[in-house]
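If you want the building blocks of each chain, they are given just below.
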Amino acid sequence: MFFHIFTRILSIFLIIFAGTAARKLLVLTDNAISSMARCITNFFYPALIISSITSNFTVKSLISNWTLPVGTVLIMSVGYFIGILFSRFLEFESEKQKNTFLFQCTINNYVFLPLPIIAMLYGSKGVGFLIFSSLGSEISVWTIGILGLTGNHIGKKNLKNLINAPIFALIFSILIVFIRDNFGASQILTNSILKEILLSINSAIDIFGQASVPLALFTAGGRIYNISMKHIKTRAQLWTDFLRLILIPAAAACAILTVLPVSYEVFMVLAIVSVMPAAIVSIILSETYDADTYFASSTVLTTHLFSLLTIPCWLTFLMNC
């Protein structure tokens, strides 16, 4: 089982490594990576959200799966409190490094790395579950995530960042599902010309959204290439790797099973989110909020490398429980 899962996940990492190679060969530049990241966030990923939510959910199933966004908030909150606990005992080079450590414990790679893994294991329905759960993840990033990164200070600017293209796409998708289920698709699509137009739009959105996963992984590889290796041998670094990949997933899984009434499939989606490495966006946010960019970069690099082993181990354990 482990080897099978490892080889499947390795195929995902090979796309990341391809992005790294493209950056090394100067096929990708820093400006190109930044532009691609903005395109993925503002165009491709919103299309995937609309396609997945409208294809896999009804109003009833959205309401019945309230545990998905609540579950990701719970996962991030567990990481936040574990980070606070361990930050009291660990030695850091600076307050900025301590704040970055807390962010890395709180927020992980909650969409673009788990997305192909969940798609591989649970298909489009699992992808829909993951995307709906990301509502809780986004809220966590701009509340407790930034709270940790800024030394437990939060303001209106953090909350304004919740207004972004993926959140709008999620709200729009839920609205489409509500209108469709309450007014009936058959009544809306009585006109054959209108029906063909809407089907064409839906097909374009679906094709557009499918490109988000390989593009995101490829772009992530380009970003990882720029990460410095010179800060990865500190105790704080090793503790971050251990907490992010071992202790926090275990604590989060226990919290989900204890607090939330979840089905097996929902639990597995949330559990897969919890075992992911540190979020690549932490590098950008650490620059934006004047935290320790070097520490953010080194923990992103090492947690992604180690996760090539820890993710198959976790999945093998969880799927055999």
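Criteria and cut-off values
- Residues numbered from 1 in each chain as written.
- Predicted model: local features only at pLDDT ≥ 70, side-chain atom pairs only at ≥ 80, totals over all residues.
- Heavy atoms only, no water.
- Helix = DSSP H or I, 4+ residues; strand = E, 2+ residues; numbered from the N terminus.
- Rg over C-alpha atoms; globule rule 2.2 N^0.38 Å.
- Buried < 20%, exposed > 50% of the residue type's maximum accessible area, 1.4 Å probe, protein only.
- Contact = heavy atoms within 4.5 Å.
- Areas by Shrake-Rupley, 256 points an atom, 1.4 Å probe, with all protein chains shown as cover.
- Lys, Arg positive; Asp, Glu negative; His and termini not counted.
- Charge placed at Lys NZ, Arg CZ, Asp CG, Glu CD.
- Polar contact = N/O pair within 3.5 Å; in protein donor to acceptor, adjacent residues only side chain to side chain.
- pLDDT = per-residue confidence, 0-100.

J.: Go over the overall build of the protein chain, please, and point to the residues and values.
T.: Tallying secondary structure elements over the protein chain gives 15 helices and 0 strands in all. Against the compact-globule benchmark of 20 Å for 321 residues, the protein chain has a radius of gyration of 20 Å, which places it among compact chains. For the C-alpha atoms alone, the extent of the protein chain along its principal axes is close to 65 × 50 × 45 Å. Burial statistics for the protein chain: of 321 residues in total, 51% are counted as buried. The long-range fraction of contacts in the protein chain, counting pairs at least 24 apart against all pairs at least 6 apart in sequence, stands at 85%. In the structure as shown, the protein chain presents an accessible area of about 14900 Å², 68% of it carried by carbon and sulfur atoms. For the protein chain, the centre of its 19 positive side-chain charges and the centre of its 13 negative side-chain charges are spaced 1 Å apart.

J.: For the environment of Thr 303, give the residues involved together with the corresponding values.
T.: Within the secondary structure, Thr 303 sits in helix H15 (residues 293-319). Looking at Thr 303, the relative accessible area reads 0%, which means it is buried. Contacts of Thr 303, omitting those with residues within four sequence positions, involve Asp 241, Arg 244, Leu 245, Pro 277 and Ala 278. Within the structure, Thr 303 has its side chain in polar contact with the backbone oxygen of Thr 299 (distance 2.6 Å).

J.: I'd like a rundown of the confidence of the model for the protein chain, residues and numbers included.
T.: Across the protein chain, the average pLDDT comes to 85, with 90% of residues at or above 70. Per-element confidence in the protein chain ranges from a low mean pLDDT of 54 for helix H9 (residues 185-188) to a high of 95 for helix H4 (residues 67-87).

J.: Explain the side chain of Ser 137 to me, and be specific about the residues and the numbers.
T.: Structurally, Ser 137 is set in helix H6 (residues 114-149). A relative accessible area of 1% places Ser 137 in the buried class. Leave out the neighbours within four places in its chain, and Ser 137 touches Thr 72, Met 76 and Tyr 110.

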